[in-house]
Amino acid sequence: MVYKLSSNQTSSWWQIFAVVAVAYGLRVFLIAAVILYLMHPDIVLEVLLIAFGLTLISTMIRAASMMRTLKRQQQLAGDVFVTLTERGMMTETPARESRTYIPWHSIEKVSVAGGMMHVALKSGMPLLLPVAGVKPERLVEMLKFCREHAGKDVPAGMQIAPPEEYCSESPRTRMTNPVSRREDADVLMRRLYPKAPWVCLLLAPVMLAAGLILVWCYLMLDEWWMIAVAVFSFYYVFRCLYAFWHPGYRLKKWIQREESVEVHLRRGHALVNSPGNLWTLISQSQVEGALETAHSYIYLMRSGGLLSIGKDMPPPSTLPAPVRVSQRGRVMAVIVSLLSVPVILFGVFAWAVQMGYDDEAVDTEHILYVEDLTPVTGFPGEMLEAEEYEDEEENVCWLRMEWEDGTYVFLTLPDATAPQGD
């Protein structure tokens, strides 16, 4: 069975928005709600509304960015032809001269969400196929066949062998390891989602400042829940910094996988073969750049993917010369990010001082009101506080007065006699 997946048909805005809202929006809402509540614990409804607004805006921005990325990838890839047989799944994209064969035992599960078919490989690397333009009955047929065959063993004799015309006599053979795969995963995720690491870097100092403020509040007020939320904040600091430095951590299952990989470079194509698992044929003309990391030569494809070759041999002369990857820029970005924490703390301190001045102005008004009612001044010392309380059940207005020697008095007043604020 052959299915044509058109590059002109993309997922709808609402489909992508729904996926992003569940996977990303819920976490943003919880973090924003906690931070805003700590700043204004007395206005819960307003806090929830503001947190919801921030979540809605950030979710819309992220969904729009994802939709643009999907459209760009589909336009570069062109139409995709998917062939499903008892031997496995074959995907072909004529526009970029690529072909991939995956036996069924290399596929863990298949699902459809947001106009995309998600093929989860046992290696941990996902495969996304655009199915928004497929007729419903054809999509049901396609999904049913994939689910019935996913995980089934395909004997070596039944598997589709790589095309012989692109196989070289001396391929570059490499046993992958977690260190080299982590480098590959980081480069891949930075290409697919270039803004995500920088968002994590912006969140790190905010969460660190929030955690330090919570620790200070805990020492002042001795509220156990504050230290619990502070630990949560510190955890997210390290997680955000790690996500910035290693954005490929989401592919941890693929990173930990060790397998032998053969790379054949012949007739203007690169054939990547993982014997018994899958093979991919790509045109070398699709390579738009190359990077040199500590353990690999990584060649960047126009479609957003990459080709990784070990450094046990010199880089191929038929491919672009690799450029050494420097970590200096990211190191400086982390330092600048952490140096912004004192600025945030100073801003919060200035805000708290300003709020204190506002409270003091209100207290002064009440103090002058009480002193005007008191015939004798100067005893029992200076008045430190005169604060108004309202009992809605009793319909009574209380005025609590406190002097510097610790004397305090409660005065019951009708609402009309209380001092009028601004």
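What counts as what
- Residues numbered from 1 in each chain as written.
- Predicted model: local features only at pLDDT ≥ 70, side-chain atom pairs only at ≥ 80, totals over all residues.
- Heavy atoms only, no water.
- Helix = DSSP H or I, 4+ residues; strand = E, 2+ residues; numbered from the N terminus.
- Buried < 20%, exposed > 50% of the residue type's maximum accessible area, 1.4 Å probe, protein only.
- Contact = heavy atoms within 4.5 Å.
- Phe/Tyr/Trp six-rings, centres within 6.5 Å; stacked < 30°, edge-to-face > 60°.
- Pairing = 2+ DSSP bridges.
- Expected span 1.5 Å × (residues − 1).
- Arc of directions from axis to C-beta.
- Axes fitted to C-alpha atoms, helices over the stretch in contact; angles between N-to-C directions.
- Patch = residues over 30% accessible without salt bridge, like charges linked within 9 Å, V, L, I, M, F, W, Y side chains within 5 Å.
- Areas by Shrake-Rupley, 256 points an atom, 1.4 Å probe, with all protein chains shown as cover.
- Salt bridge = Lys/Arg side-chain N within 4 Å of Asp/Glu carboxyl O.
- Lys, Arg positive; Asp, Glu negative; His and termini not counted.
- Charge placed at Lys NZ, Arg CZ, Asp CG, Glu CD.

Draft legend 1. Main features of the environment of Leu129. Locating Leu129 in the fold gives a position in strand β7 (residues 126-130). Of the residues examined, Leu129 reaches a relative accessible area of 3% and is grouped as buried. Expressed as a C-alpha distance, the spacing of Leu129 and Val119, which sit 10 residues apart in the sequence, is 7.9 Å. With residues near it in sequence (within four places) discarded, Leu129 still touches Leu5, Val80, Val82, Met89, Thr91, Gly115, Met116, Met117 and Val119.

Draft legend 2. Local environment of the packing of aromatic side chains. As enumerated under the stated definition, the model contains 6 aromatic pairs in all. Their ring planes at 40° and their centres at 6.2 Å tell us that Tyr101 and Trp279 sit as a pair that is tilted. On the criterion of sequence distance, the pair formed by Tyr101 in strand β4 (residues 98-102) and Trp279 in strand β11 (residues 278-283) is long-range, its members being 178 residues apart. Tyr101 sits in the buried class, given a relative accessible area of 2%. Residue classification places Trp279 among the buried positions, given a relative accessible area of 3%.

Draft legend 3. Local environment of the pairing of strand β6 (residues 116-121). The pairing of strand β5 (residues 107-113) with β6 spans 6 bridges and is antiparallel. Bridge assignment links Ile107 to a residue of β6, and that residue is Leu121. Linking β5 back to β6 in an antiparallel pair, the connection comprises 2 residues, with Gly114 at a positive phi of about 60°. What sits between the antiparallel neighbours β6 and β7 is a turn of 4 residues, in which Gly124 has the positive phi angle 100°.

Draft legend 4. Region of interest: the environment of Met66. Of note, Met66 is situated in helix α2 (residues 44-77). Sequence spacing of Met66 and Tyr193 is 127 residues, and the spatial spacing of their C-alpha atoms is 8.3 Å. Sequence-distant contacts of Met66, defined by excluding residues within four places in its chain, comprise Ile16, Val20 and Tyr193.

Draft legend 5. Representation of helix α3 (residues 136-149) in the model. Taking 1.5 Å of rise per residue, the 14 residues of α3 would be expected to cover 20 Å, and the 20 Å separating its terminal C-alpha atoms lies within 8% of that figure. All of the buried residues along α3 are Leu139, Met142, Leu143, Phe145, Cys146 and His149. Down the axis of α3, the buried side of the element spans an arc of 160°, and every buried residue falls inside it. Exposed side of α3, more than 90 degrees from the buried face: Pro136, Glu137, Val140, Lys144 and Arg147 are the residues found there. Structurally, α3 contributes buried residues whose contacts are with β1 (2-5), β2 (80-85), β3 (88-93), β5 and β6. Gly151 sits one or two positions beyond α3 and adopts a positive phi of about 90°.

Draft legend 6. Examining the sheet that holds strand β10 (residues 269-274) more closely. A sheet is described by the order of its strands in space; here 8 strands give the open sequence β1-β2-β3-β4-β11-β10-β9-β8, paired in antiparallel fashion. The open sheet is flanked by β1 and β8 (172-175), the only strands paired with a single partner. Taking each pair of neighbouring strands and ignoring which way they run, the sheet shows an average axis angle of 15°. Judged from the 4 bridges that link them, β1 and β2 form a sheet pairing that is antiparallel. Counted as the bridge partner of Lys4 is Phe81 from β2. Packing against the sheet, α3 makes contact with β1, β2 and β3, and its axis sits at approximately 50° to β2.

Draft legend 7. Summary view of the sheet that holds strand β14 (residues 306-310). One open sheet holds the 4 strands; their spatial order is β14-β13-β12-β15, and the pairing between them is mixed. Two strands lie at the open edges of the sheet, namely β14 and β15 (323-324), each paired on one side alone. By the bridge criterion, 2 bridges tie strand β12 (residues 287-292) to β15 in an arrangement that is parallel. In the strand pairing of β15, Leu291 is matched with Val323.

Draft legend 8. How the structure looks around a positive patch on the surface. Taken together, Arg27, Arg239, Arg250 and Lys252 make up a surface patch of like positive charges. For Arg250, the location among the structural elements is in the loop between α6 (224-245) and α7 (252-255). Residue Arg250 is classed as partly exposed on the basis of its relative accessible area of 46%.

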